[in-house]
Structure formats: structure tokens, C-alpha cells
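# Inside the fold
Now for the letters of each chain:
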Amino acid sequence: MNNKEILNIQDLHVSINNIEILKGLNLSAQLGEVHAIMGKNGSGKSTLAKVIAGHPSYTVNRGNIFFNKENITFEEPEKRSHKGIFLAFQYPVEIPGVSNADFLRLAYNSQKKANNLSEIDPLSFFEFISKKIQLIDLDTSFLNRNVNEGFSGGEKRKNEILQMGLLNSKLSILDETDSGLDIDALKTISQQINNLRSHNKTIILITHYQRLLEYIIPDYIHVMEDGKIIYTGDANTAKDLEKYGYEYIN
């Protein structure tokens with residue numbers, strides 16, 4: 001592993017309910033890179049995202065996941081989060097009775113505590129998050145609403161990008177962030193993601209569509225099929241897939 005490598009997945013075999021989904025997957029990513037993962041439905045894209053984040057429903061049968069040169073294959077999801085892994089879900093859940101402000105502050109302080117840093121009090125946090133929220137074109141009244149309850153598709157996505165920026169994670173995995181967005185919302189979300197790109201962070205985008213990659217230009221595009229990455233190319237790969245379909249890979 002080189003000094004900039006943040007993620008290294010080796011020969012990963014994963015199953016759920018005794019059905020194998022990932023079948024010997026390999027992937028590596030370095031700091032500062034944006035990777036896009038594409039593929040047909042059922043190819044294993046979302047499974048990969050959840051397994052990197054430590055979803056407990058999946059069983060790793062073989063292989064390893066190294067994050068920042070540390071083997072995290074069987075580590076608890078909250079420990080992965082504290083170390084700098086963030087997952088934006090394809091279908092963000094609603095949390096009735098919990099305000100966005102409380103949820104975000106507890107998540108932020110949990111990460112601070114895990115890394116032996118000082119936690120922040122509610123008043124200071126509100127001032128802090130109010131500045132962050134303006135960067136993603138949301139009103140501060142958004143903080144008083146319950147997490148994702150009654151949110152539009154665009155608001156849910158903005159909420160996840162807000163979490164991503166707040167937690168300042170080293171590796172952010174965005175699972176079909178473009179799902180359900182109209183073109184204006186897609187442009188806004190893409191710009192916000194681009195604003196969070198930096199030389200010391202890595203982003204993995206999981207998407208079906210080339211349109212997202214018109215606004216967020218990846219360094220690499222990986223094509224998944226039957227639980228494996230079968231092809232890796234540059235940003236032009238998405239245009240070829242749009243034009244010729246996945247069959248051209250074979």
C-alpha cells in the first residue's frame with residue numbers, strides 16, 4: 001500500500017441470507033480521488049457501499065477491507081464512522097421525534113469524543129451548523145424539523161451532504177445520490193459535492209446514470225457485474241455506457 005491509499009479491498013466475498021452477492025471484488029482508492037461505480041441492477045453496487053460502512057446484515061465470507069492501512073473487515077459500523085467513513089444511503093430513513101439539530105450535534109460530538117477531542121455545547125453548535133447550512137442552500141428552520149420527516153427528495157439529499165460536510169470524513173460513499181432528483185436539484189447537489197472535494201478526502205459515487213457524472217467528473221469509473229468489478233476506465237466510460245450500453249464492456 002502506498003502512502004496516499006485510503007481504501008484497499010482484496011478478494012471480497014459477501015453474502016446475505018446465504019446468497020452470495022460480492023464474488024471476489026477488488027478495489028483501491030487514494031486520497032483526493034473520486035471514483036464512480038456503475039452497473040446494472042443486482043450487480044452488487046449498494047451491497048458494496050453497505051459492506052464498506054459495516055452494515056450488520058451482510059456476512060463477509062472471504063477477503064479483507066483495509067481503511068487507512070488498517071484492517072476493518074469485521075469492525076463495528078460506529079467505529080468505522082469514527083475513523084472517517086461516511087455513507088449516504090440510497091433511501092435515507094425518517095427519524096420521528098428527533099430534530100435535525102440534535103441528530104447532527106450528537107453525531108458530531110460522538111465523532112469528537114471517539115477521537116479524544118472536545119465536544120461542543122448546543123448553542124455553539126447551532127452557530128456552527130447555521131454557517132454550514134447556508135453553503136447548501138437550506139434555511140435554518142430546516143434544523144428544527146425531524147430528521148428526513150416530510151422531506152422532499154432534494155431535501156433528503158441536501159441533509160446527507162450536510163452530514164458529509166459536518167463529519168469531514170476521509171472516505172464518503174454516496175449511494176445513488178442522484179435518485180429522484182430533478183435537473184435543478186441535481187445541479188445543486190453536484191455543486192455541493194464538488195465543493196467538498198479535496199486532496200485529503202476520497203469520494204465514491206454509486207450511480208446508474210451518466211447525467212450525475214456530467215457535473216461531478218470522476219477520476220475513475222468502475223463497472224460492476226455479478227458481484228465483481230469487471231472494468232475500470234476514466235470519465236469517458238460513462239459516455240460510452242450511455243451510448244452503447246453495458247454490453248460494449250464485454
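The rules behind the values
Residues numbered from 1 in each chain as written. Predicted model: local features only at pLDDT ≥ 70, side-chain atom pairs only at ≥ 80, totals over all residues. Heavy atoms only, no water. Helix = DSSP H or I, 4+ residues; strand = E, 2+ residues; numbered from the N terminus. Expected span 1.5 Å × (residues − 1). Buried < 20%, exposed > 50% of the residue type's maximum accessible area, 1.4 Å probe, protein only. Arc of directions from axis to C-beta. Contact = heavy atoms within 4.5 Å. Polar contact = N/O pair within 3.5 Å; in protein donor to acceptor, adjacent residues only side chain to side chain. UniProt positions renumbered as here; feature names shortened; annotations may be inferred. Phe/Tyr/Trp six-rings, centres within 6.5 Å; stacked < 30°, edge-to-face > 60°. Pairing = 2+ DSSP bridges.

This paragraph deals with helix H6 (residues 183–195). With 13 residues, H6 extends 18 Å between its outermost C-alpha atoms, agreeing within 8% with the 18 Å of an ideal straight helix rising 1.5 Å per residue. Residues of H6 that are buried include every one of Leu186, Ile189, Ser190, Gln192 and Ile193, and no others. For H6, the angular spread of buried residues about the axis comes to 160°, placing them on one side. The exposed set on the far side of H6, more than 90 degrees from its buried face, consists of Asp184 and Asn195. Where H6 is buried, its residues touch helix H5 (153–167), strand S9 (171–175), strand S10 (202–206) and helix H7 (212–215). Capping of H6 at its N-terminal end is provided by Asp182; its side-chain oxygen lies 3.2 Å from the backbone amide nitrogen of Asp184.

Moving on: the UniProt feature "domain: ABC transporter" (unreviewed entry) in the protein. According to UniProt, the "domain: ABC transporter" (unreviewed entry) feature falls on residues 7–249. End-to-end, the C-alpha atoms of residues 7–249 are 25 Å apart, and along that stretch the chain is 35% helix and 30% strand.

Moving on to the packing of aromatic side chains. Taken as a whole, this structure holds four aromatic pairs when the rule is applied. With a centroid separation of 5.8 Å and an interplanar angle of 45°, the aromatic rings of Tyr108 and Phe125 are classed as tilted. Pair noted here: Tyr108 is in helix H3 (residues 100–114) and Phe125 is in helix H4 (residues 122–134), with a separation of 17 residues, a long-range link. Considered together, Tyr108 and Phe125 belong to a single accessibility category, that of buried residues.

Another aspect to go through is the pairing of strand S3 (residues 34–39). Within S3, six of the six residues are buried, which leaves it mostly tucked inside the rest of the structure. By the alternation rule, side chains of S3 split into Val34, Ala36 and Met38 and His35, Ile37 and Gly39, which are all buried. Relative to S10, S3 runs parallel, the two sharing four bridges. Of the residues in S10, the one forming a bridge with Val34 is Ile203. Where S3 meets strand S11 (residues 220–225), five bridges bridge the pair, whose relative direction is parallel. Within S11, the position partnered with Gly39 by the bridge is Met224.

On to the sheet that holds strand S1 (residues 5–16), then. Spatially, four strands are ordered S2-S1-S4-S5 in an open sheet, and the strand pairing comes out antiparallel. In this open sheet, the two edge strands, each paired with only one partner strand, are strand S2 (19–30) and strand S5 (70–71). Bridge count between S1 and strand S4 (residues 59–67): seven bridges; the pairing is antiparallel. Residue pairing for S4: Ile9 is matched across the bridge by Ile65.

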